[in-house]
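Next come the chains, spelled out residue by residue.
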Amino acid sequence: MKVIAVYSTKGGAGKTSAAVNLAWEASASGSVLLWDLDAQGASTFLTGVKPKLKGGVAKLVKGSNSISDVVRTAKFTTAEGQRAVHVLPADDSYRELELMLDSAKGSRRRVEKVLKDASGEYDTVILDCPPGASLVAENAVRAADLIVTPLPPAALSLRSLDQVRELVAESAKPAPILAFLSMVDRRKATHRRAAEKLSNEVKEIVDVVVPATVVVERMGDEQAPVGTFAPRHPAAQAYRELWSLIADHG
Ligand SMILES: Nc1ncnc2c1ncn2[C@@H]1O[C@H](COP(=O)(O)OP(=O)(O)OP(=O)(O)O)[C@@H](O)[C@H]1O
Ligand SMILES: [Mg+2]
């Protein structure tokens, strides 16, 4: 089981969009679990599963519920047939997660522990992390074999990436970071310049650019990954390439 945390301290960077699309790509070749760790519940919404975690996140994190008790399945139909992404949805109980972790024993290892109990069931786990450097993020980073960080073409992205590096370096089990350019609009000179700067200066960056496009925004209307409704669009191709680099990584 490979655990991938899609994480940046920066809000609105394209984490959730990447998490959902990567989960979709991963489902082509194995079983995948997408864990929505963000109280906003965006990946829960985008996969169209019921936004309710049975028993709340406390029971899951404390071990009185296991993943199989509360997991939901998002089924997507495409020209090639049906594929499933298993989803641990976020609901209101996630608002208390930070406090709950803070008072729990082994407060940085709870997510890792929950996943360990399900390690035979999934080939891939994708963690959709909230922004910021929270205890939830520390848990995700600790559980992860790889950190995937979207970088929108803006000066602030370098600073966010530094914060990610710092948080990862502080982990007891620092995982490698894989960064990619996200939401790039090539028509904008500022984007072209920032994208070039990031490509040159970020050693963790891979050669994948997710373009800024309404097709990614349409995921909200379709409640589905782009690969299901626009599989040949450059955004879908970018997520596919990104997944293939992740799958080959380490
Ligand atoms: N490539 C893209 N092109 C256009 N819009 C995008 C793209 N990627 C994401 N968006 C839009 O930008 C917004 C933020 O994206 P997303 O939710 O993926 O970011 P996030 O990093 O998960 O945000 P948060 O920090 O709030 O969790 C969403 O409305 C999404 O539809
Ligand atoms: Mg998000």
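What you see as residue numbers is a count from 1 along each chain, following the sequence as written. Here the convention is simple: chains get letters from A, ligands get numbers from 1, in the order in which they are written. Predicted model: local features are reported for residues with pLDDT of at least 70 only, side-chain atom pairs are reported and counted for 80 or more only, and whole-chain, interface and lining totals are derived from all residues. Excluded from the side-chain calculations are hydrogens and water; all other atoms, namely the structure's heavy atoms, are used.

(A) Fine view of the overall build of the chain. Counting from the N terminus, the helices are DSSP H or I runs at least four residues long and the strands are E runs at least two residues long. A tally of helices and strands in the chain yields 13 helices and eight strands. Here the globule rule is a power law, 2.2 Å times the number of residues to the power 0.38, and the radius of gyration is based on C-alpha atoms. Whereas a compact globule of 250 residues would reach a radius of gyration of roughly 18 Å, the chain reaches 17 Å, a difference of no more than 12%. Principal-axis analysis of the C-alpha atoms places the extent of the chain at approximately 50 × 45 × 30 Å. Three labels apply to residues, based on accessible area from a 1.4 Å probe with only protein chains included: buried if under 20% of the type maximum, exposed if over 50%, partly exposed otherwise in between. Across the 250 residues of the chain, 55% fall into the buried class. What makes two residues a contact is simply this: any of their non-hydrogen atoms within 4.5 Å. Excluding contacts between residues fewer than 6 apart, the proportion of contacts in the chain whose partners are at least 24 apart in sequence is 77%. Accessible surface, the chain: about 11,200 Å² in total, of which carbon and sulfur atoms supply 48%. Residue exposure ignores everything except the shown protein chains as possible cover, and the areas themselves are Shrake-Rupley values with a 1.4 Å probe.

(B) Structural view of the pattern of salt bridges. Throughout this description, the term salt bridge denotes a Lys or Arg side-chain nitrogen within 4 Å of a carboxyl oxygen of Asp or Glu. Summed over the entire model, instances satisfying the criterion amount to 14 salt bridges. The residue R95 makes a salt bridge to D92 at a minimum N-O spacing of 3.4 Å. By the burial criterion, R95 is exposed, and D92 matches it. Close ionic contact of E204 with K203 constitutes a salt bridge, the shortest N to O distance being 3.4 Å. If you follow the salt bridges from partner to partner, you end up with R109, E112, R142 and K173 in one network.

(C) The arrangement of the UniProt feature "domain: AAA" (unreviewed entry) in the chain in detail. The sites that carry the UniProt feature "domain: AAA" (unreviewed entry) are, in the present numbering, residues 1-169. Here residues 1-169 runs as 38% helix and 21% strand, with 22 Å between its end C-alpha atoms. UniProt positions are given in the numbering used here, feature names are shortened, and annotations may be inferred rather than shown by experiment.

(D) Spotlight on the pairing of strand β3 (residues 72-78). Burial along β3 is one-sided: the residues R72, A74, F76 and T78 are buried and none of T73, K75 and T77 is. Bridge count between β3 and strand β4 (residues 81-88): seven bridges; the pairing is antiparallel. Counted as the bridge partner of F76 is R83 from β4. Two successive antiparallel strands, β3 and β4, enclose a turn made up of two residues. Pairing between strands is defined by DSSP: at least two bridges between the two strands are required.

(E) Structural detail: the nonpolar core. In terms of nonpolar packing, the biggest core is built from 48 residues, with W35, I67, L115, L127 and I147 touching the most fellow members. The element contributing the most residues to this core is helix α7 (residues 135-143), with six residues. Each residue touching L115, except ones within four places of it in the same chain, is listed here: M1, V3, L33, W35, I67, V125, L127 and A143. Counting 39 residues, the second-largest nonpolar core is a separate cluster that includes A19, V87, V208 and A230. Throughout this description, the term nonpolar core refers to a set of buried Ala, Val, Leu, Ile, Met, Phe, Trp, Tyr and Cys residues connected via side-chain atoms within 4.5 Å.

(F) Representation of the pairing of strand β6 (residues 146-151) in the model. Among the six residues that make up β6, six are buried, leaving the element largely enclosed by the rest of the structure. Every second residue of β6 is oriented toward a common face, with L146, V148 and P150 on one face and I147, T149 and L151 on the other, all of them buried. Note: strand β1 (residues 2-6) against β6, three bridges, orientation parallel. Residue pairing across strands places V6 opposite V148, the latter belonging to β6. Bridge analysis of β6 against strand β7 (residues 177-184) gives five bridges, and the strand direction is parallel. Looking across to β7, one finds that T149 is bridged to A179. Read as a crossover between parallel neighbours, the route from β6 over helix α8 (residues 156-169) to β7 is right-handed. Orient the strands so they point away from the viewer; a crossover is then right-handed if the path from the first strand over the helix to the second runs clockwise.

(G) Representation of the site of ligand 1 within the structure. Lining the immediate surroundings of ligand 1 are 17 residues, of which A13, K15, T16, S17 and P211 lie closest. Pairs of N or O atoms within 3.5 Å make up the polar contacts considered here, provided that, within protein, one atom can donate a hydrogen while the other can accept it, and that residues adjacent in sequence are counted only when both atoms are side-chain atoms. For ligand 1, an oxygen atom lies 2.7 Å from a polar atom in the side chain of K15. Starting from 630 Å² of accessible surface for ligand 1 in isolation, the protein chains cover 77%. Elements with a minimum of two residues in the shell around ligand 1: α1 (15-26), β8 (205-211) and α10 (214-217). Here the element with the most residues in the shell around ligand 1 is α1; it accounts for three residues. Among the residues making up the shell around ligand 1, the classes are represented as seven nonpolar, seven polar and three charged. For this purpose, a residue is taken to be near a molecule or strand whenever a single non-hydrogen atom of the residue falls within 4 Å of it. When residue character is reported, Ala, Val, Leu, Ile, Met, Phe, Trp, Tyr, Cys and Pro are called nonpolar, Asp, Glu, Lys and Arg charged, and the others, Gly included, polar.

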